[in-house]
Amino acid sequence: MWYRIPARLVKSSLDPQWREAPMSTVRERLKPHLLPQFCKGCGRCIESCTRHCISAGTEINAATGLIPVNLDLEQCNGCGLCISACPEPYGLRAEPGKDFVLEDPKALFGARRAASEVAPSIPDELLPLPAVEPLVVKGNYASAIGALIAGCRHFYGYPITPSTEGAELMAKLLPKLRGVFMQAVSETATVNMMYGCGGAGMKAMTFTSSPGFSLMLEGISYMIGAELPGVFVNVMRGGPGLGNIAPEQADIKLACRGLGHGNTQAVVLAPSTPQEMLDLTILAFDLSFRYRNPVVILSDGYLGQMTGTVRLPGTAVKPGLPSWAVSGDRAHRGNLICSFLLSEADLEAHNIHLNSKYAAMKAAEQRADLFETDDAEVLLVACNTPGRMAKGAVRELRARGIKAGLFRPISLWPFPIDALRPLLLRAHRIVVVEASNGQLEDEMRLAISHDSVPRPPAIASVRRFGGVLPQQKEIVDRVLEGVGAALVEGVRV
Amino acid sequence: MSVFYDRFERHDHGTGLKGRSTHYCAGCGHGLAHKYLAEAIEELGVQDRTVAVSPVGCSVFLYYYFDVGNTQAAHGRAPAVAIGHKTANPDSIVISYQGDGDLASIGLAEIVSTAQMGIPITVVFINNAIYGMTGGQLAPTTLMGQRTSTTPEGRTAFFGPPIRMAELIAGLDGPVYVERVALYDAKQRVRAKKAITKALRLQVENRGFAFVEVLAECPTHLGMNPSEAEKWVKEAMTAVFPLGVKKDVEPPTDQVRPVGPEFDPVRLVEVFEGSTEKAPRFCAAFPTLWGTEDIALKFAGAGGDGAQTAALLVARAGINEGFDATHIPSYGPESRGGTSYADVHIARTEVLSPASPSPHLLVAFNAPSLARFGPTVEGGGTIVYDSSVIADVPSLPAGVTAIGVPMTQIASALGRLLVKNVVALGALQAATSIFPEESFLTAIRQALKSRCAMIPLNEEAFARGRQAVRSHEGSVQAN
Ligand code: SF4
Ligand code: SF4
Ligand code: SF4
């Protein structure tokens, strides 16, 4: 086959394989050769030939509709200038002359390396972690330590309050583990560094907070499109705009419904204690590689700063290397990281594939924490730090004889409807407690609606904004209001 | 040319002629830059190690052609993606290939910061003075007077003059090599090939960041045939974008080439200072003076009073005793010099609400703190305040005990104002017996593990705080 003839017969090279090649049997100067269907007729070769061997064509090539040049090589001295003037890889090429002694190319150059190998998938290894006393650390630190335990050695980020302690700890610890801490020029650069690092099959993460997370969304959409892992810890703060640096939960909509443009979803995890900051960060890396998709951890400014006890797991991860990675080695040379699919049919198929991953996540990755829900007639729904306030409220309400319980979604997407569904049979009333304008409630309502729950209970809410978190007392008061109303009406409200 | 795929399978699934021809217009400069880059990869023998980053623009399909590891970046972000790859595997040879809209407009921050960082990657920058893919709009490198679809009357002063990237990048300290080349004749093409090869070699030798700007022809949007376009580049473009080497400082091979990361779990635990030492316990049971499950505390003062440290020490003591505890600071601008307060909870099993809107115990270091939080203290609760700086105690809820201790005075007598917060802890301990004395001292010693010399002073401060309460040196006000 013509295209299998090594074209670069005359070049020396730094590659030892080339240097050792026995060049003496190769004619030094080769005349150009052209298959007309690969000529675009640009004419760049015409002027390059000082011997006027090439002239503009006159006949349209039936296959291309273009007019290839004509070659008359009588005067040709094999200078090769026309070849280096031709922009087409399979346009003008050096062709062995008549007196060329064709040797086995393998003898000349070794095996041709055109075809890349099929890359193996090297799985992660779990190594036993020495037992230590529980750490007493703030949430942001716990998450950073979780990432290290999960085998993350690449951190990219841009400082933003109230998430910076996580980055600062990484800056301190990663060099000691020969890892990479990189402070990027912006959140935009950050997410694209994660795209590169994740594309190379490594575990990459960032800490950010709401405005920074907004800036990362474009890149997250690319990562989802290109099916890349990566962990984003968004320590949510007050918004919109610059807002403030106090805790809010107003990025739930963004993380669950708006991860950049296009058909995007990612598992969204909402820790509510420093312990969960660690546990869920470890889980996030696992899910991120399992689904080849980013994972978002939504924390809040309060939790990021909160110090508490954190117990460590028994194992730490030594990462492997997935077969799909573009890791800059021979085995993975054939891979491509890309979210660009020009043909409609290809892109539709890709979206259907993504949808099947989303469906798998929905089936397998719902997580929730249930507190006193078995006989609950009033169900509080809350996550993150407000989840703790709500837990306090449940205890107080129980002490007053009200059958209250807490349903705390840990995965906000997928919303843990499977765990909520049975509770709806008994509950008369739901009170959603959140530091946002009903974004958690919307997730719950959507899940209930998609699930076609018959006669769902009435839904009330406690909502605070701007960094003010709902406190136990107002939660209790809201529940008591409802109980009063229910007693008056004597029906389910 | 083995660095080009045998068949361009990604180009319309390699069907028909597309399997062997590019998507570029006839005479487009991209094809030549591709060719020289492919030759350079081959000559340097780095095909297997190469990761090429495709940009957004006409060259978005670079990955159709190069038989190397390929990745496609968002518009303008190729250098950031390149950093990701290079830091993930320092042995990879990473090429960021970008057009003028990608590199010199939307991606300016990425290219400038990456160049300044000096990370060894190779950037091939194709400057054809116009947007190709989107259909011939103004580029940052469009010449003055040049007509584009968004400058129908020609580029005017309103848009400012074209940006000279090679000079800009060469002006940075980071890069080792910057050259501008062109493709319009055989001589320039030889130079272009040499420059691209050199830029790649500098990476292979791990010497640093290299940048080649290639003045290229876009016959389609210039509305010219390829030979007119060559002429235009030669005459009009080079007048604005002078060719030549802009920077060449070839440093010695970088010796500190990174080795792979460490995953030894023993080292990992060491790094985050995990301890196998179990803290001794001194409490017989959970302190139940303020309820059976949970104690809420608040520490409040000015920034620098040490409220946060005191709060953390109490939480730490609680955890040492086997209870659950949390600490949450006020933070941000208001904690930088302004008020600083901290909420602490100690719970028998689990802290539920970590906030302390109505604490059982309050430590107040200044008058505004006492005025603000004193009235929120639960009945039966206790306040310890710094009587050196607080003269008037506001009216407090019934059943709240307030104990004034001259914390500042005691600390300054000890010669170190900073230990004021430890004086406060001593006072808190004596006033409430929340935990035994040794509980606090253990937490203090733990915190000072790396600054042992400070321990005796702190122990003394703690003792003086206790003494102040016990000898009724302090003023007690019970409501
Ligand atoms: S090899 Fe040289 S002489 Fe021969 S056609 Fe090409 S440019 Fe002309
Ligand atoms: S340079 Fe190549 S594509 Fe252009 S006319 Fe010559 S052979 Fe054809
Ligand atoms: S539009 Fe211009 S830059 Fe794009 S492929 Fe065509 S000639 Fe090349």
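Residues numbered from 1 in each chain as written. Chains lettered and ligands numbered in written order. Predicted model: local features only at pLDDT ≥ 70, side-chain atom pairs only at ≥ 80, totals over all residues. Heavy atoms only, no water.

Draft legend 1. Focus on the overall build of chain B. The helix and strand tally for chain B stands at 16 helices and 14 strands. The dimensions of chain B, computed from C-alpha atoms along their principal axes, are 100 × 55 × 45 Å. The buried share of chain B, reckoned over its 479 residues, is 61%. Expressed as a percentage of contacts within chain B between residues at least 6 apart in sequence, the contacts between residues at least 24 apart total 64%. When the accessible area of chain B is evaluated, it comes to approximately 16,800 Å², of which 54% is carbon and sulfur surface. Here chain B carries 41 positive and 47 negative side-chain charges, and the mean point of each set is 5 Å from the other. (Helix = DSSP H or I, 4+ residues; strand = E, 2+ residues; numbered from the N terminus. Buried < 20%, exposed > 50% of the residue type's maximum accessible area, 1.4 Å probe, protein only. Contact = heavy atoms within 4.5 Å. Areas by Shrake-Rupley, 256 points an atom, 1.4 Å probe, with all protein chains shown as cover. Lys, Arg positive; Asp, Glu negative; His and termini not counted. Charge placed at Lys NZ, Arg CZ, Asp CG, Glu CD.)

Draft legend 2. Main features of the overall build of chain A. Looking only at helices and strands, one finds 16 helices and 21 strands in chain A. In chain A, which comprises 493 residues, the share counted as buried stands at 57%. In chain A, the share of contacts with a sequence separation of at least 24, taken over all contacts with a separation of at least 6, comes to 80%. With an accessible surface of roughly 19,200 Å², chain A has 55% of that area assigned to carbon and sulfur atoms.

Draft legend 3. Spatial organisation of the pairing of strand β18 (residues 404–409) of chain A. All names here are of chain A. In terms of burial, β18 is largely enclosed, as six of its six residues are buried. Taking every second residue as pointing to the same face, both faces of β18 are buried, with Ala404, Leu406 and Arg408 on one and Gly405, Phe407 and Pro409 on the other. Relative to β18, strand β16 (residues 368–371) runs antiparallel, the two sharing four bridges. When the bridges of β18 are listed, Ala368 appears paired with Pro409. By the bridge criterion, four bridges tie strand β17 (residues 378–381) to β18 in an arrangement that is parallel. Bridge pairing in β18 places Leu379 opposite Gly405. Running through helix α13 (residues 384–399), the crossover from β17 to the neighbouring parallel element β18 is right-handed. (Pairing = 2+ DSSP bridges. Right-handed = clockwise from strand over helix to strand, strands pointing away.)

Draft legend 4. Inspection of the pairing of strand β10 (residues 339–347) of chain B at higher detail. All names here are of chain B. Across the nine residues that make up β10, a large majority, eight, are buried. Strand direction decides the pairing type here: strand β9 (residues 324–329) and β10, joined by six bridges, are antiparallel. When the bridges of β10 are listed, Pro329 appears paired with Ala342.

Draft legend 5. Quick look at the sheet that holds β18 of chain A. Residues and elements named next belong to chain A. Taken together, the five strands give an open sheet; going across it, the order is β16-β18-β17-β20-β21, and neighbouring strands pair in mixed fashion. Taken across any chain shown, the strands that pair with only one partner, and hence form the sheet edges, are β16 and β21 (458–463). Taken over all neighbouring pairs, the strand axes of this sheet differ in orientation by 20 degrees on average, direction set aside. (Axes fitted to C-alpha atoms, helices over the stretch in contact; angles between N-to-C directions.)

Draft legend 6. Up close: the packing of aromatic side chains. This model, assessed by the stated rule, comprises 21 aromatic pairs over all chains. Each ring, one from Tyr64 of chain B and one from Tyr65 of chain B, has its centre 5.7 Å from the other, and the planes form 80 degrees; the classification is edge-to-face. Accessibility classification places Tyr64 of chain B together with Tyr65 of chain B in one group, the buried group. Through successive ring pairs, a cluster of aromatic residues spans Tyr90 and Phe340 of chain A together with Phe8, Tyr24, Phe61, Tyr63, Tyr64 and Tyr65 of chain B. Geometry around Tyr177 of chain B places Lys198 of chain B over its ring, the cationic atom sitting 4.6 Å from the centre. (Phe/Tyr/Trp six-rings, centres within 6.5 Å; stacked < 30°, edge-to-face > 60°. Lys NZ or Arg CZ within 6 Å of the ring centre and 35° of its normal.)

Draft legend 7. Spotlight on the site of ligand 2. All residues in the neighbourhood of ligand 2 are listed as Leu34, Cys39, Lys40, Gly41, Cys42, Gly43, Cys45, Val69, Cys86, Pro87 and Leu92 of chain A. Here the shell around ligand 2 is built from residues that sort into eight nonpolar, two polar and one charged. (Near = heavy atom within 4 Å. Nonpolar A, V, L, I, M, F, W, Y, C, P; charged D, E, K, R; others polar.)

Draft legend 8. Spatial organisation of the nonpolar core. Ile149, Met205 and Leu312 of chain A together with Phe211 of chain B are the most contacted members of the largest nonpolar core, which has 160 residues in total. When residues in this core are grouped by element, the largest group, nine residues, is from helix α10 (residues 274–290) of chain A. With residues near it in sequence (within four places) discarded, Met205 of chain A still touches Ser143, Ala147, Cys152, His154, Phe155, Tyr156, Met170, Met194, Val231, Val233, Thr281 and Phe285 of chain A. Counting 50 residues, the second-largest nonpolar core is a separate cluster that includes Val344, Val419, Ala427 and Ile444 of chain B. (Core = buried A, V, L, I, M, F, W, Y, C linked by side-chain atoms within 4.5 Å.)

Draft legend 9. Geometry of the side chain of Glu88 of chain A. Counting through the fold element by element, Glu88 of chain A comes out in the loop between α3 (81–85) and β4 (93–95). A polar atom in the side chain of Glu88 of chain A sits 2.4 Å from the side chain of Thr22 of chain B. Once residues within four sequence positions are removed from consideration, Glu88 of chain A is found in contact with Phe38 and Lys40 of chain A together with Arg20, Ser21, Thr22 and Lys35 of chain B. (Polar contact = N/O pair within 3.5 Å; in protein donor to acceptor, adjacent residues only side chain to side chain.)

Draft legend 10. Representation of the domain arrangement of chain B. If you check the domain split of chain B, you get domain 1 (16–248) and domain 2 (265–478). Centre-to-centre separation of domain 1 of chain B and domain 2 of chain B, based on C-alpha positions: 62 Å. (Domains from an automatic or database assignment.)

Draft legend 11. Here's a closer look at the site of ligand 1. Around ligand 1, the neighbouring residues are Pro32, Cys49, Cys53, Leu73, Cys76, Asn77, Gly78, Cys79, Gly80 and Cys82 of chain A. Here the residues of the shell around ligand 1 sort into seven nonpolar, three polar and no charged.

Draft legend 12. Molecular detail of the domain arrangement of chain A. All names here are of chain A. Considered domain by domain, chain A is made up of domain 1 (31–97), domain 2 (125–364) and domain 3 (368–488). For domain 2 versus domain 3, the separation of C-alpha centres amounts to 28 Å. Listed per partner, the contact involves 33 residues of domain 2 and 25 residues of domain 3. When domain 2 packs against domain 3, the two sides together hide about 2,400 Å² of surface, and 55% of this comes from carbon and sulfur. Counting across the domain 2 and domain 3 interface gives two salt bridges. Between Glu276 and Arg408 there is a salt bridge, with the nearest N and O atoms lying 2.7 Å from each other. Of all the secondary-structure elements, those providing two or more residues to the side of domain 2 that touches domain 3 are α9 (252–257), β11 (267–269), α10, β12 (294–300), α11 (301–305) and α12 (344–364). When residues of the side of domain 2 that touches domain 3 are assigned to their parent elements, the largest contribution, four residues, is made by α9. (Buried area = accessible area lost by both parts, 1.4 Å probe. Salt bridge = Lys/Arg side-chain N within 4 Å of Asp/Glu carboxyl O.)

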